[in-house]
Amino acid sequence: MSNSNYDLKPSKEAYRAIKSDVTPVSAIKELVDNALDNWQRTTQQLDDINISIEHRETKDGEQIHITDNSGGVPEDDVSMLFALGQSAKDDITGSIGAYGIGAKKAIVNLGDRATIKSRALHTEQGFGFTIDQDWLEDEGDWTVDKQKYDDIDEGVTEIIISDLNTTWSDIKSDLETDLESTYRLFLSDDRLTDIGDLGIRVNDTKITTPEDTNWSYTPIDGFHPRRYENIEIESRDLTNTVYLDVQVGLLEEADNSVAGAEIYCQNRQILDRVRDERAGFNTGAGSSRLGRFTGQHRRLKVEIEFYTEGNASELPWDAQKSDIDRYHKVTQAAHDWIRRIVKPYREAAGDYDDFPTTFSGPYTEDHEHGRGLEVFNYSDRERVTHKPDTDFPGAAEIQSQVDKTIPLRLRCTDDLSAEQVGAYEEELERRLGEDANFDVAIENVPEIDKLPQLSNIDTDAVEQQLAEQAERNVDAGRYITGLDDWQQAMYRWQVLKLIHDRDDLNTIRDLEKKTNGELESESKKEEDLDKEFGVSIDTVSEDTAEEDSHFRDGNNTDVATENEEPAELDKSEEEPTRSFTDFEQTADNDESSQDILGGIDSDDESDRQVEVTENTLYIPIPDDRSDELFEALGIDDDADEEEIADKLLEKMNFIRQLQAWLERSLAREC
């Protein structure tokens, strides 16, 4: 066995980065990195690893305990946990440690006293040592006493830091979210699947991966996400091969909190939301130039990963693993690949005219027509051959169909492929909403199978006529049907706009009152209006509520009691009639409401429509049926409209009361 103490003299390698600053959070991450490297050294990361970061209050003050089960450290190697410049990184394939000082600097940063103990796999006892401020200030003695520990499990390393240089509350505020992002590849279920699982806890909180990136899996013009792996970075100055992976795509929608580039080294995140030269933006020249990342590109996402099986110091990160050197030889060589891969996606991300968000937004990961992530092995390639079409031919087809249908206020997908329909409907919905100045649900836009041939028709003039007609109809409580599909869609659109533009649904409520002898509940009316017009009623004025209540209370019709004969008809009674929303549903079956287009400019347009006034319902009767009506009502053929209406109401009230009397009579007999 070796001597009874450990020699902690620093090696020259440590001085290359000894001046680097460390924050408390980055210090803790350095200790996590140490555990991950030891995990690779002892088990090749095949077993699962758990790392615990715990804050404790003791009689001597606050302590931080960092414990891992990465395999432990042999007795003779325990000194590497603190001796400057000493590490086993050369024995670790793909180590995170680069300079041999990270954990040592981290421990000193966190507190003035630390106890380090570890028990290797397949050993009976743990070993370790304690350092304090006196030891740190003694320039003449670099040794510490070796201590034995029986209270530590096999394969476990524990570091206890006390006399803290900061408060736990200051550390914890950023620690959890920082750990989530830094180790997201290790924590993710779908990345690094060839190694065991990593679990990290901060006190009782389990660190989980951040929410998955909302990639757009759009099939339009090939702008689904792509991943290019195993790109070899060539440089005469490299002693080991450095590899580059790049993943790129559009987000479902612009998101400033995630857009830009994430940069990783050895699967550890170094930076996120990088939008400058470190990620290749604003570099290159001529056709190979990748432009600036601006606010217009907030739906562009890139993931850049550097890794090597050799010395991690050859990667382009700094000693604190917190930044990327954009002038590093590896960074410069990688930029040529990054520019070629990212350029077409950057172009689409910033071109909202040719490739609007509506072409990326609908295609989530589980969309039936979404196109999943494509992965390419570029280990033996020199050119990027898999990329989107920046001429946007598919996008142009969708835009053309929107341009054809939006003036008609309807939707038609007859000229589109199934995978284009989602983008078309989103764009149509957006542009209709812009025109109307309110949100439009696509299901409320009438759909037809084939677009009509309207080359000889001035659709703008027709729409203007229909707009004027709709305004008169809404004011008078009318709704026409029987138009051609495209004309009906235009008319319905104008009615819908009027309802919203007036920002006052009392017009519709009054219309309901005129057409309802017995009002339905508020929730039912709102449901009907929402179903028919996509109108959501958030509030009802007190005056309207009181008026509705009064109308409901005063709407009871006097009918004969159980033992009475039918009473004399009351001509003033209102006949319960259809609701406003029922007009559109039933008018299609009413011959009197058909062939309305010819009446748009005619002098007798009011004669062709169902009209609701304050207390009387007028129903237009065709000329060839008028004699039949006069005979049924027992009136002369020169009777005026008021006399006809009164007689009709009298007959209908009599029938209604007779029916009620018959029902009561039958009930008594039973």
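Just so it is clear, the structure is predicted and the values come from calculations on it, not from any experiment.

Enquirer: Which residues make up the overall build of the protein, and what values go with them?
Expert: When helices and strands are counted, the protein shows 16 helices and 18 strands. Looking at the protein as a whole, 47% of its 670 residues qualify as buried. The contacts of the protein with a sequence gap of at least 6 include a subset with a gap of at least 24, amounting to 72%. Accessible area of the protein: about 33,900 Å², with a carbon and sulfur share of 41%.

Enquirer: Quick one: what's the story with the packing of aromatic side chains, residue by residue and with numbers?
Expert: In total, this model carries 14 aromatic pairs according to the counting rule given. With 5.0 Å between their ring centres and 55° between their planes, F223 and F355 make a pair best called tilted. In this pair, F223 sits in the loop between β10 (205-206) and β11 (226-233) while F355 sits in the loop between α6 (329-350) and β16 (374-377), placing the two residues 132 residues apart along the sequence. Across the pair, exposure class does not vary: F223 and F355 are buried alike. Ring pairs connect the aromatic residues F223, Y345, F355, F359 and F392, which therefore count as one cluster. One residue, K301, lies across the ring of W215, its end atom 5.9 Å from the ring centre. Here the guanidinium or amino end of K321 rests over the ring plane of W317, the centre of that ring lying 6.0 Å away.

Enquirer: How would you sum up helix α1 (residues 24-43)? Please name residues and give values.
Expert: Compared with an ideal rise of 1.5 Å per residue, which puts 20 residues at 28 Å, α1 spans 29 Å between its outermost C-alpha atoms and is within 8% of the ideal. Counting buried residues in α1 gives 16 out of 20 residues, a clear majority hidden from the surface. Of the residues trailing α1, Q44 is marked for its positive phi of about 55°.

Enquirer: Please give an account of the pattern of salt bridges that cites residues and values.
Expert: Any two side chains of opposite charge can pair, so long as their charged atoms come close to each other. Under the counting rule described, the total for this entry stands at 35 salt bridges. Two residues, E54 and R56, come together in a salt bridge whose shortest N-O distance is 3.2 Å. R431 is the salt-bridge partner of D403, the closest N and O atoms lying 2.8 Å from each other. Taken together, the positions of D403 in helix α7 (residues 393-405) and R431 in helix α8 (residues 418-436) put the pair 28 residues apart, joining distant regions of the chain. A relative accessible area of 41% places D403 in the partly exposed class. With a relative accessible area of 21%, R431 lands in the partly exposed category. Each member of the salt-bridge network shares a partner with another, and the members are R184, R191, R227, E229, D245, E262, K301, E303 and E305.

Enquirer: Tell me about the packing of α8 against helix α10 (residues 485-501), and please be specific about residues and values.
Expert: For any two helices packed against each other, one specifies the crossing angle of their axes together with the interaxial distance. One can describe the packing of α8 onto α10 by two numbers: an axis separation of 11 Å at closest approach and a directional angle of 55°. Here α8 lies oblique to α10, going by the angle between them. Listed contacts from α10 to L432, D435 and A436 of α8 are W493, K497 and D501. Here the contact of α8 with α10 is composed, by residue class, of three nonpolar, no polar and three charged.

Enquirer: Give a detailed account of the confidence of the model for the protein, specifying residues and quantitative values.
Expert: Here the protein shows a mean pLDDT of 79. Residues at 70 or above account for 75%. For residues 11-19, every residue scores under 50 in pLDDT, and the model assigns this stretch 18 contacts once sequence neighbours within four places are set aside. Within the model, pLDDT remains below 50 along residues 511-616, and this stretch shows 177 contacts once partners closer than five positions in the same chain are excluded.

Enquirer: Report on a negative patch on the surface, specifying residues and quantitative values.
Expert: On the surface, D627, E631, D636, D637, D638, D640, E641, E642, E643 and D646 cluster together to form a negatively charged patch. Counting only elements with at least two residues in the negative patch, the list comes to α15 (626-633) and α16 (641-669). Looking at the secondary structure, you find D637 in the loop between α15 and α16.

Enquirer: Explain the sheet that holds β16 to me, and be specific about the residues and the numbers.
Expert: Here we have six strands laid out as an open sheet, ordered β14-β13-β15-β12-β11-β16, and mixed in their pairing. Pairing within the sheet leaves two strands with one partner each, and these edge strands are β14 (268-274) and β16. The average undirected angle you get between the axes of adjacent strands in this sheet is 15°. Relative to strand β15 (residues 300-308), strand β12 (residues 242-250) is paired through nine bridges, and the arrangement is antiparallel. Note that in β15 the partner of L244 across the bridge is F306. Seen against the sheet, α6 touches β11, β12 and β15 and runs at an angle of roughly 10° to β12.

Enquirer: Tell me what's going on with the sheet that holds strand β8 (residues 157-164), and back it up with residues and numbers.
Expert: The strand order across the open sheet formed by eight strands is β7-β5-β4-β8-β3-β2-β9-β10, and the pairing between neighbours is mixed. What marks the edges here is a single partner per strand, and that holds for β7 (147-149) and β10. Bridge count between strand β9 (residues 198-202) and β10: two bridges; the pairing is antiparallel. Within β10, the residue paired with R201 across the bridge is K206. Relative to the sheet, α1 contacts β2 (49-58), β3 (61-68), β8 and β9, its axis offset from that of β2 by approximately 145°. Across the sheet, helix α4 (residues 168-182) is in contact with β2, β3, β9 and β10; its angle to β9 comes to roughly 155°.

Enquirer: Go over the pairing of β12 with me, naming the residues and quoting the values.
Expert: When a strand is regular, its side chains alternate between the sheet's two faces. Of all nine residues that make up β12, eight are buried, and the element is covered over most of its length. Two elements, β11 and β12, share six bridges in a ladder whose sense is antiparallel. Residue Y228 lies in a different strand from β12, and its bridge partner there is V246.

Enquirer: Pulling in residues and values, what's your account of the side chain of E252?
Expert: Topologically, E252 is positioned in the loop between β12 and β13 (260-265). One buried charge, E252, has no salt-bridge partner; the nearest side chain with opposite charge is R299, at 11 Å.

Enquirer: How would you sum up the packing of α7 against α8? Please name residues and give values.
Expert: The geometry of α7 relative to α8 is characterised by a closest axis approach of 10 Å and an angle of 45° between their N-to-C directions. Relative to α8, the element α7 lies oblique. Crossing of α7 over α8 shows right-handed handedness. Two secondary-structure elements touch here, α7 through G394, E397, I398, Q399, Q401, V402, D403 and T405 and α8 through Q420, A423, Y424, E427, L428 and R431. Residue composition of the contact of α7 with α8, grouped by class: five nonpolar, five polar and four charged.

The rules behind these values
Residues numbered from 1 in each chain as written. Predicted model: local features only at pLDDT ≥ 70, side-chain atom pairs only at ≥ 80, totals over all residues. Heavy atoms only, no water. Helix = DSSP H or I, 4+ residues; strand = E, 2+ residues; numbered from the N terminus. Buried < 20%, exposed > 50% of the residue type's maximum accessible area, 1.4 Å probe, protein only. Contact = heavy atoms within 4.5 Å. Areas by Shrake-Rupley, 256 points an atom, 1.4 Å probe, with all protein chains shown as cover. Phe/Tyr/Trp six-rings, centres within 6.5 Å; stacked < 30°, edge-to-face > 60°. Lys NZ or Arg CZ within 6 Å of the ring centre and 35° of its normal. Expected span 1.5 Å × (residues − 1). Salt bridge = Lys/Arg side-chain N within 4 Å of Asp/Glu carboxyl O. Axes fitted to C-alpha atoms, helices over the stretch in contact; angles between N-to-C directions. Parallel < 35°, antiparallel > 145°, perpendicular 65-115°, else oblique. Nonpolar A, V, L, I, M, F, W, Y, C, P; charged D, E, K, R; others polar. pLDDT = per-residue confidence, 0-100. Patch = residues over 30% accessible without salt bridge, like charges linked within 9 Å, V, L, I, M, F, W, Y side chains within 5 Å. Lys, Arg positive; Asp, Glu negative; His and termini not counted. Charge placed at Lys NZ, Arg CZ, Asp CG, Glu CD. Pairing = 2+ DSSP bridges. Left-handed = near helix turned anticlockwise from the far one by under 90°.

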